[in-house]
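Single-letter residue listing:
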Amino acid sequence: MAEREYSVLVDNRVSLHMPEGATLFDVARQGAPDSFRNFLVAQFDGEIVDLHTMIEKDGEVHFFDFFHPEGRRAYTRSVFFLLSYAVSRVFPGKHLKVTYSISNGIFCQVEDEENLNNAQVATLSKTMQELAEADLPFRKHTVNWEQAINLCSAQGRTDLVRLFRYWRTPAVPLYVLDSYYDYYYGPLCPTTGYVRKFGLAHVPPGFIVHIPDHKDPESLPPYTFRPKLYSIFQEAFQWSKILEIENVGNLNEAVVQLKGREIVEVAEAFHEKKIAQIADQITQRKGLTHLVLIAGPSSSGKTTFARRLLIQLRANGWKPLTISLDDYFRERQELGEDNFAEYEKPEAIDLGLFKEQMQRLIAGEAVEVPHFNFVTGKREFSGKSLTLSRDGVIVVEGLHALNPLLSKTIPPEQKVRIFVSAITQLNIDDHNRISTTDSRLIRRLVRDSQFRGRDAEAVFTMWPHVREGEEKYVFPFQEEADIMFNSSLIYELSVLRQSAEPLLRGITPERKTYLEAYRLYAFLNHFIPLNQALVPSNSILREFIGRTV
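Residues numbered from 1 in each chain as written. Predicted model: local features only at pLDDT ≥ 70, side-chain atom pairs only at ≥ 80, totals over all residues. Heavy atoms only, no water.

K.L.:
Which parts of the structure should I look at to understand the overall build of the protein?
P.N.:
Helix and strand content of the protein: 17 helices and 19 strands. Relative to the compact-globule value of 24 Å for 549 residues, the protein shows a C-alpha radius of gyration of 25 Å, a close match. Taken along its principal axes, the extent of the C-alpha atoms in the protein is 90 × 50 × 45 Å. Pairs at least 24 residues apart make up 72% of the contacts formed inside the protein by residues separated by at least 6 positions. Averaging the positions of the 63 positive and the 71 negative side-chain charges in the protein gives two centres separated by 5 Å. (Helix = DSSP H or I, 4+ residues; strand = E, 2+ residues; numbered from the N terminus. Rg over C-alpha atoms; globule rule 2.2 N^0.38 Å. Contact = heavy atoms within 4.5 Å. Lys, Arg positive; Asp, Glu negative; His and termini not counted. Charge placed at Lys NZ, Arg CZ, Asp CG, Glu CD.)

Printed below as a string of structure tokens:
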């Protein structure tokens, strides 16, 4: 009987006939003999899979190396599988806790180890290096729900047991190294030998894991301690402890047990209390402060934060004015054809008009401020003027509000600088971190489709330009802020799922942005939906889902 063969088109250029039982690694080796060792994962018929995947049908495959986002994600997941396995060997019976991204790395701790020392971190790093040199295969085992629960229970992974408890799928994908099992929501590299570069820096009470920058897989970014950002992460961690929700399993359990309303109310109370404290700090400088500048990356909730801060300032006796930097955007036709990228630069703002109007307002003059129409791409004037009273303060919010170009003519003692960022408070489980960037992208996807005349495809297309602009023009100024505010809400992805899923499903496999849409759709499936009606009307989340339900 003739051996069965499958036809595989490689990167739209080479057609191969592969025998039954062949894997994508075999395809890579045959289709790209000079570079196959650089491939980390593949896209086979629209799905991102590991290279151990067997060919069981005709199809089309694309291979990704470290320079592709899917390749870097696979590399990062593989580093953390290696690390979690190393923790199980160096600290028997204890587990890795991946917490948050900070200082060009990801902060981690070991369960029940309150303060690791240098020697312990060095031992972890050495164990990882030995495992990498052993070039052991990462094998994917798809098991049924009951087997997954039993395997994770045996390893003491209550976080995964809780996560899987509410899954509605008969198949659970786990990865195994020797007899150590773990879950990752995406494929890993073929073997431990692909994890060639990583670093562990001792930062009590844990350590920071460094992974190479996307532009240079052979070097590690330097560690830079950012105290203000670190304090915000610590605050977020404390909020999650108070709520007793550290991961998605905890959150889903609360939703199923009908505790959703309580979670929403307490999370919103954290925000209200923090905003009131910020208003009190500003009020202590009454008589000196004329300008409150609120900056932050895209979809961090700057607009609603500014509105809620205004209310608290009113309660403290101020008569504030709120101004959005977005209203000072140059008209779309002025920015040229590549206006996606241009809108992320400070030069997209009419700096001359903005500075002139701020100086006139501070001087007590009446000023007609513009309004930017995002649908038409034009600046509009309503004929209404603003005047700053004696008890007034100007609250300015926008992407570039902390950039010195905007307020260098105003003395430092006359302004308060606030940085708003959506710092994710929970993880999927102890080893799978939820990216703050992904949370903001989902926020933006929902908001822009409803209020800014952009479909999901346009949002995904713009996002790389948005991220590049943030790294260049926004994040460099965050540590210069006088105050930092975390706009993330621990329950928000359970609410956003309902609005985001139809948008993500609308991006079909032939679209260039399909992989990102597919990835986020799979990610949101971890969350049990929470009714949008529970979200208060003044919540920062309402900036993205709208005021009515």
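K.L.:
Just checking my understanding: could you explain the sheet that holds strand β6 (residues 96-102) for this structure?
P.N.:
In a beta sheet, neighbouring strands are held together by backbone hydrogen bonds and run either parallel or antiparallel to one another. Reading across the sheet, the four strands line up as β6-β7-β12-β11 and stay open at both edges, with antiparallel pairing between neighbours. Two strands close off the open sheet at either side, each with one partner strand: β6 and β11 (199-203). When the angles between neighbouring strand axes are averaged without regard to direction, this sheet yields 30 degrees. Bridging between β6 and strand β7 (residues 105-110) involves six bridges; their strand directions are antiparallel. If you follow valine 98 over to β7, its bridge partner there is cysteine 108. In this fold helix α3 (residues 118-134) packs onto β11 and β12 (206-210), with an angle of close to 170 degrees to the strand it touches most, β11. (Pairing = 2+ DSSP bridges. Axes fitted to C-alpha atoms, helices over the stretch in contact; angles between N-to-C directions.)

K.L.:
Any chance you could explain the sheet that holds strand β3 (residues 41-44) here in plain terms?
P.N.:
Reading across from one edge, β2-β1-β5-β3-β4 is the order of the five strands in this open sheet, with mixed pairing throughout. On the outer flanks of this sheet lie β2 (14-19) and β4 (47-49), each paired with one strand and no other. Taking each pair of neighbouring strands and ignoring which way they run, the sheet shows an average axis angle of 35 degrees. Relative to β2, strand β1 (residues 5-10) runs antiparallel, the two sharing six bridges. Within the sheet, the bridge partner assigned to valine 8 lies in β2 and is leucine 16. Contacts between helix α1 (residues 24-31) and the sheet are confined to β1, β2, β3, β4 and β5 (59-64), with β2 contributing the most and set at about 135 degrees to the helix. Together, β3, β4 and β5 form the strand contacts of helix α2 (residues 69-90), whose direction differs from that of β3 by roughly 130 degrees.

K.L.:
What am I meant to see in the packing of helix α8 (residues 260-283) against helix α9 (residues 302-315) here?
P.N.:
A pair of packed helices can be characterised by two numbers: the angle between their axes and the separation between those axes. At a minimum axis separation of 9 Å, α8 and α9 run at an interaxial angle of 60 degrees. The pairing of α8 with α9 is recorded here as oblique in orientation. For the pair α8 and α9, the sense of crossing is right-handed. Of the residues in α9, those touching α8 at Glu268, His271, Glu272, Ile275, Ala276, Ile278, Ala279, Ile282 and Thr283 are Phe305, Arg308, Leu309, Gln312 and Leu313. Residue composition of the contact of α8 with α9, by class: eight nonpolar, three polar and three charged. (Parallel < 35°, antiparallel > 145°, perpendicular 65-115°, else oblique. Left-handed = near helix turned anticlockwise from the far one by under 90°. Nonpolar A, V, L, I, M, F, W, Y, C, P; charged D, E, K, R; others polar.)

K.L.:
Would you take a moment to explain the side chain of threonine 192 for this structure?
P.N.:
Its location among the elements puts threonine 192 in the loop between β10 (180-182) and β11. Look at threonine 192 and you get buried, because its relative accessible area is 0%. With residues near it in sequence (within four places) discarded, threonine 192 still touches Leu82, Leu131, Ala132, Ala134, Asp135, Leu136, Phe138 and Leu177. (Buried < 20%, exposed > 50% of the residue type's maximum accessible area, 1.4 Å probe, protein only.)

K.L.:
How should I be thinking about the pairing of strand β9 (residues 171-177) in this particular structure?
P.N.:
Regular strands place side chains that alternate from one sheet face to the opposite one. Within β9, five of the seven residues are buried, which leaves it mostly tucked inside the rest of the structure. Of the strand pairs in this sheet, strand β8 (residues 139-144) and β9 are connected by six bridges, and their pairing is antiparallel. By the bridge assignment, arginine 139 is partnered in β9 with valine 176. Pairing geometry for β9 and β10, over three bridges, is antiparallel.

K.L.:
Teacher, can you tell me more about helix α14 (residues 456-473) here?
P.N.:
Residues separated by three or four positions in an α-helix point in the same direction, a consequence of the helix having 3.6 residues per turn. The end-to-end C-alpha distance of α14, which contains 18 residues, comes to 25 Å, matching closely the 26 Å that a straight helix rising 1.5 Å per residue would cover. Of all the residues in α14, the buried ones are Ala456, Glu457, Val459, Phe460, Met462, Trp463, Val466, Gly469 and Glu470. (Expected span 1.5 Å × (residues − 1).)

K.L.:
I keep staring at a negative patch on the surface and nothing clicks. Help me out?
P.N.:
Residues Glu3, Glu5, Glu20 and Glu56 make up a contiguous surface patch of negative charge. With respect to the helices and strands, glutamate 20 occurs in the loop between β2 and α1. (Patch = residues over 30% accessible without salt bridge, like charges linked within 9 Å, V, L, I, M, F, W, Y side chains within 5 Å. Areas by Shrake-Rupley, 256 points an atom, 1.4 Å probe, with all protein chains shown as cover. Salt bridge = Lys/Arg side-chain N within 4 Å of Asp/Glu carboxyl O.)

K.L.:
Please explain the packing of aromatic side chains as it appears in this structure.
P.N.:
Describing an aromatic ring pair means giving the distance of the ring centres and the angle of the ring planes. Scanning the model with the defined rule gives 21 aromatic pairs in all. Both rings, one in phenylalanine 66 and one in phenylalanine 67, keep their centres 6.5 Å apart while their planes meet at 85 degrees; by these two values the pair is edge-to-face. Among the residues examined, phenylalanine 67 registers a relative accessible area of 49% and is labelled partly exposed. Through pairs of rings, three or more aromatic residues link up here, namely Phe81, Tyr85, Phe138, Tyr180 and Tyr184. Taking the ring centre of tryptophan 318 as reference, the NZ or CZ of lysine 286 above it sits at 5.1 Å. (Phe/Tyr/Trp six-rings, centres within 6.5 Å; stacked < 30°, edge-to-face > 60°. Lys NZ or Arg CZ within 6 Å of the ring centre and 35° of its normal.)

K.L.:
How should the nonpolar core be read in this particular structure?
P.N.:
A general tendency of soluble globular proteins is for nonpolar side chains to be buried together. Within the largest apolar cluster, 61 residues are counted, with the highest numbers of intra-cluster contacts made by Phe164, Tyr491 and Phe523. At six residues, the largest contribution of residues to this core is made by helix α16 (residues 514-524). If we skip the residues at most four places from it in the chain, phenylalanine 523 touches Tyr185, Ile428, Ile434, Ile442 and Leu493. (Core = buried A, V, L, I, M, F, W, Y, C linked by side-chain atoms within 4.5 Å.)

K.L.:
Whenever I open this one, the pairing of β12 confuses me. Can you help?
P.N.:
Burial within β12 is extensive, with five of its five residues counted as buried. Sheet analysis places β7 next to β12, joined by three bridges and oriented antiparallel. Bridge pairing in β12 links isoleucine 106 to valine 209. Where β11 and β12 come together, five bridges link them in antiparallel fashion. Residue pairing for β12: glycine 199 is matched across the bridge by histidine 210. Between β11 and β12, which pair antiparallel in sequence order, lie two residues.

K.L.:
Mind showing me how you'd approach the state of the cysteines here?
P.N.:
By definition, a disulfide is the covalent link that joins the sulfur atoms of two cysteine residues. Taken as a whole and judged by the stated rule, the model has zero disulfides. Cysteine 152 carries a free sulfur, and the closest cysteine sulfur to it, the one in cysteine 108, is 19 Å from it. (Disulfide = S-S within 2.5 Å.)

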